[in-house]
Every structure is written in C-alpha cells, then in structure tokens.
Amino acid sequence: MSQERPAEEKPETCDVRVQDRIQGTATPVQSPTRLGPTRFSELAGEKLRDTGSDFIGSIWCWINGDPNRNLKNPVKRGKRKRIRTAKTAVGVIALVGFFIFVNWFMLSQLHEGRAWLRRGFSKNRNPKPNPKSNPDLSPSTKRVSVKVSASVQHVAKKKMGKPKKQYNGTYGRLLAYAAHALAEGQNKIEPKELWREPKDQALAWKPCADQRSWKPNDGKNGYIMVTANGGINQQRVAVCNIVVVARLLNATLVVPKFMFSDVWTDSSQFEDIYQVEHFIKYLSPDIRIVKNLPKELQSLDLEAIGSLVTDIDVMKEAKPGFYMKHILPLLLKNRVVHFFGFGNRLAFDPIPFQLQRLRCRCNFHALNFVPKIQETGAILVRRLRDSGSHLAPYLAVHLRFEIDMVAHSLCYFGGGDAEKTELSAYREKHFPTLANLTKTKKMPSPEDLRTEGLCPLSPEEAVLMLAGLGFNRKTRVFVAGANIYGGAKRLAALTSLYPNLVTKENVLSETELEPFKNHSSQLAVLDFIACAASDAFAMTDSGSQLSSLVSGYRIYYGAGKMPTIRPNKRRFSDILLKNNTIEWKVFEQRVRKNVRQTKHVLVRPTGRSVYRYPRCKECMCNED
C-alpha cells in the first residue's frame, strides 16, 4: 500500500514563531502558554502592535539564537552555552530598560497634558460670548447680550474626588446666545411641530366619558359631606374623587365646600366658581346630590360621634376596598360622614370601569364655570389672539414659580443667602411639617433634586427652553401664574427675549379684574381658560395640578390639534448643567430632542391620573 507523504514543511524562522506567540496564534505544541495582547497593542493600535512585535521578536532571537541553527557540533556546544547565558543577561537588562523608558515617556506626556489643561482652563474658566467683539450681533442683541452677560456668576471650585455638578442660576452665557439667535431669526419660519400634534394617532381618540350604562343610585345609605383643601385645581380633583366615592357607597352627596387656606387666602366656595344646578342635574343619572343636609342631621356633633374623617385618617390614593371596609359601616351607623381636608385620597387603579368613567365625566362635563368667569375668560382669549389686522396664534406658558412652590421644592435658584433665609421662614410658617423634616432628617441636596428633575423651571430656564425649541421672537406669549417669585426682576429674561409677553393683568382692564380681586382661585381659573384654549401650551412643572388638568383638557377636547410641550426635566437639567460650555446649536438640538421624545401618543399608564392622561377606554374611545 502506498502511503501519502506529508507535504514538505518549510523551516520555521524565529520571527514567525515569536509573532505567533505574541498574537496568540501559535499551536499548543509551539506555545504551551498562549500570550494575550500586549499593552502596546491595546494602547497604540495595529501599527504599533506590528512594530512592537518585530522589535521584541528580534530581541528574543538575539537572546536564544536561531532555532534552525546547527547544534550537532559538540565542541562548540559549551562555548555557545556561555555566550547564550551572557546574551540572556544583556537581553533582560535591555528589555527592562526599554520598558522603563516607555513608561517614563508616557507619564511625562500625561503630566504635560494635565498642565496644558490647567493652563487652558485658567485662561478661560467660564467662557461666554463677547457681544462687543462679535460683528454678527445686531445692535439690539448687543445691548441685551451685554446686560445678560453681566449677571453671570462663576461656579464654585469643585472638591477633590467625584466631581459635583454645580448650578449657575443666571445662565448669562446661554441667554446671550438665545438673544442673538432670536434677533437673527426674527423672520425665520418656526418648526411646524410647535403648533400642532406630531402624531396622527392623536386624531383617533374621541371623548366618550358622557356615555352611561347603569342606573342611578338612590343614595339610601346616608349622606357624604366634603370640605376640599388646597388650591382650585386640587379642589377640583377632590370633588371628582368624592363623586366616585358617593357612587361606590350608594350615598347622597352634599354640594362640596372648600377649605380656606392661608397659602391661597381665598374664601371662594363651590358655588362661586362652578354652576351648582348644572353639577346636580348632569350627575343625576349617576348619584343623588343635595345642597344641604336634612335638618335632623344638621345638629349632630360629627366629631363626637366619629363621623369626621380627616385626610390623616385616609391614606393617599386609597383603594375602593378601604372605603367599603372602613367608611361604609360608619356611614350606615351614623347616616352621615364628613370628609374634612379630602384631597388625593382615591387610587386611580384598580377602579371598576364605570367608576373610572364617572371620574372623567365629572371632570370634563359636570364642572362648568359660572357665567362671570366664562365671560371674562372669553374676553381674555379673544384679546390674546387679536393682533390687529388678523387673528394670530398664541403660546401659553404655565410658570409655576410662586413662592409656595419654590419653598416647597427645597431647590436653590441662585438668590444666595437672602433666598435661603426667606424660603426657610416661609416653610416654617406655611409648611411646618416639611420645615421640621429638614431639621431632623437628611434631605436631598438642591443639586441632587435638580439633577433628578425635581425642581420647577425658573423663568430663565423656561425662556431658554422656548428659544431652544425655535419659538420666534414675535410670538405672543401668555404667562399663567400669580405673583412670580422675584417679581418683574425675575421675569426680565422672559420679557427681554419675548417682548410680546403678557399676563392676564396686562390684557384685562382693572374694571374687568375688579370682581376677582382677593380671590386667587377665581383668578387661577382665568389662567386655566387661557391655557386650555391656547394654540400651544408649555408646562414648566409636571407636578403642577393646573398643568396636569390643562394638559388633560386639551387631550380630551383638542381632537389631536392642541399640542402640549412637556419637557423631561431630568434630561433638561442635564443640558442646563452644561450652560457654561455647551454651544447654542447643540443646545437647540438637545432641547428639541428632549421635547420630541415626550410627544408620543400613549394610552394612560397604569396608576396614572385620568385627569392628566384621559387617553384610556374609560374616558375616550379609539376609533382605529
């Protein structure tokens, strides 16, 4: 039998063997211990890898000699062994010296790089545009830029260790860039998505909370009274929640009362804001509503008999089972229960379908404002749209920056020790529980709160958002909110960049505002109407009840044509923390991406408010 002869093997050179060892491609026989990538290959890429491999291979061959040399001469074997030993020693010294040289060279380069960075930052620690030296700036922009840039505060030096992001509350550099961009782009066309919903899916959702499929309750189990706390928007939520509780317990509801608050200082009652007769009639197919308790129950001491239930007695967002287990027996026993300070005390899930629909029906259909508020609101909207020769769109911004929100947020807004002292005193007076917590427990720092997106946007931050989105300098901007913290001085950034900015106090005459003086809740309703009817609405604090209710109202009645701007404050905060370095074009791109990502047409997430997210089968019908 003939046996196939193996192919003739070529002698393996030293360079090939060493290259295989370094690259880890040698066979197990050739290299029992496979060598991984060298630190040269990791640091310098393929070119340096190849160069380094050749160099080390040469040294390796010089130490050990060529493996293909003839070793059969016994006479020369001893001499060669001594020479190889000497070469080995010299080679080791050469390798150690080579590695020491490379390490020294790399460390020196790193040291010089750091020194260069230090010199560079010391020369330009807080870069900002110089309007005087920029020929592209218009004269009007130069004046605004110089004025705004003068207010820039330097960020404090960072401590060693993990660097902390610092907050610069004035944003002078970015505001100067915004002023320049707005001045240069006065005649530019605004992005289309600013004035319309971007998704066609929004058109498929239609209001249907007015549809019923049950019989009315007779309310025979007793009477429910409620005194709602908070501002007008919290009170509205409380009213709709108690309507659902009355249906759940088959109770008769007494027309709600509103609690006087030393924060809002408004004595307005339900009948001063909402049409009582419409409220009773519209909900009559659902629950029985009366204006007063029967005479035989009016003389009862409700606290003495245990029928006074405070918001401390009811957990936040309590489930229907809680009311069936704890409130119904009390109602059956005493025939009346009074919820005092009732607020957000009913969960959004799990709730039976028809009860959830009743919630929506109350909010979107049963609560109509009284005629004097509707008439004044209509005048306000008409004047906002009137630009003389034609009707123009207007943008409404809810600037939730009153002192109560600023103090309650525990955030810092660049006002120094004076701001901290004032807000601390306000918390002591109006939020004593929160003030005590700040003394007894470690609270999140203002920097952490801002990083997490838990701070309301300041006027400066709000105007940067609008400018970044591309709203034209000529845009009519309506600012909702009373008594902005810091007053006109704090609004200077807004008014300087958007001169067509107005409030209800600018649009309505003193005579028209007279009936609402000293009634902050009724004035807040005028803001609600102007925001709900606006061509575009921007919220600056997602936790605000007014913003939530307006947003939901625009979804429910807007037919997919009433856009709402909801910035992701956590991501927006991350953008603003780079205010000393970020370029304006990059800022614009990131702000627009931030807002674009929040404009998805989503079904209400489980557990979220139907007042804010009415796109759900209980409130709206999807025709797709």
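Residues numbered from 1 in each chain as written. Predicted model: local features only at pLDDT ≥ 70, side-chain atom pairs only at ≥ 80, totals over all residues. Heavy atoms only, no water.

Participant: It is not clear to me how the pattern of salt bridges should be interpreted in this structure. Could you clarify?
Facilitator: Side chains that differ in sign of charge can pair as their charged atoms come close. Inspection of every chain in the model, using the stated rule, returns 21 salt bridges. A salt bridge links Asp349 to Arg604, with the shortest nitrogen-to-oxygen separation between them at 2.9 Å. One end of the pair, Asp349, is in the loop between β7 (336-342) and α11 (353-366); the other, Arg604, is in the loop between α25 (584-596) and β13 (620-622), with 255 residues separating them in the sequence. The class of Asp349 is partly exposed, set by a relative accessible area of 24%. For Arg400, the salt bridge identified is with Glu402, shortest N-O distance 2.7 Å. Here Glu402 falls in the buried class, since its relative accessible area comes to 13%. Among the charged side chains, a salt-bridge network with shared partners connects Arg212, Asp286 and Arg361. (Salt bridge = Lys/Arg side-chain N within 4 Å of Asp/Glu carboxyl O. Helix = DSSP H or I, 4+ residues; strand = E, 2+ residues; numbered from the N terminus. Buried < 20%, exposed > 50% of the residue type's maximum accessible area, 1.4 Å probe, protein only.)

Participant: Any chance you could explain the sheet that holds strand β11 (residues 536-539) here in plain terms?
Facilitator: On the basis of which strands lie adjacent, the open sheet formed by five strands has the order β10-β9-β8-β11-β12 and parallel pairing. Looking at the sheet topology across the chains shown, the edges are occupied by β10 (501-502) and β12 (564-565). Note: strand β9 (residues 476-480) against β10, two bridges, orientation parallel. Bridge pairing in β10 places Phe478 opposite Val502. Across the sheet, helix α23 (residues 545-557) touches β8 (394-398), β11 and β12, and the angle it forms with β11 is around 150 degrees. (Pairing = 2+ DSSP bridges. Contact = heavy atoms within 4.5 Å. Axes fitted to C-alpha atoms, helices over the stretch in contact; angles between N-to-C directions.)

Participant: Could you clarify how one ought to interpret the pairing of β8 in this entry?
Facilitator: Residues in a regular strand project their side chains so that they alternate between the two faces of the sheet. Most of β8 is tucked away, with five of its five residues classed as buried. With burial as the criterion, each face of β8 is covered, one bearing Tyr394, Ala396 and His398 and the other bearing Leu395 and Val397. Bridge count between β8 and β9: five bridges; the pairing is parallel. Paired with His398 across the strands is Ala480, a residue of β9. Pairing of β8 with β11, which is carried by four bridges, proceeds in the parallel orientation. Paired with His398 across the bridge in β11 is Met539.

Participant: Help me out: how do you make sense of α25 in this one?
Facilitator: Each full turn of the α-helix corresponds to 3.6 residues, which orients residues three or four apart in the same direction. With 13 residues, α25 ought to run about 18 Å at 1.5 Å a step, and its terminal C-alpha atoms sit 18 Å apart, in line with that. Considered for burial, the residues of α25 that qualify are Trp584, Phe587, Glu588, Val591, Asn594 and Val595. For α25, the arc enclosing every buried residue in end-on projection is 130 degrees, short of the 170-degree limit, so these residues lie on one face. Residues of α25 that are exposed and point over 90 degrees away from its buried face: Lys585, Gln589 and Arg596. (Expected span 1.5 Å × (residues − 1). Arc of directions from axis to C-beta.)

Participant: What is the right way to look at the side chain of Glu461 in this model?
Facilitator: Note that Glu461 resides in helix α17 (residues 459-469). In this structure Glu461 comes out as buried when scored by relative accessible area, which is 2%. Side-chain polar atoms of Glu461 contact the side chain of Tyr171, separated by 2.7 Å. Separated by 2.9 Å, the side chain of Glu461 and the backbone nitrogen of Ser458 make a polar contact. (Polar contact = N/O pair within 3.5 Å; in protein donor to acceptor, adjacent residues only side chain to side chain.)

Participant: I'm lost on the side chain of Ser268 in this one. Help?
Facilitator: Relative to the elements of secondary structure, Ser268 occurs in the loop between β4 (257-258) and α7 (270-273). Ser268 gets classed as buried once you look at its relative accessible area, which sits at 5%. A distance of 3.3 Å separates a polar atom in the side chain of Ser268 from a polar atom in the side chain of His519. Within the structure, Ser268 has its side chain in polar contact with the side chain of Gln522 (distance 2.9 Å).

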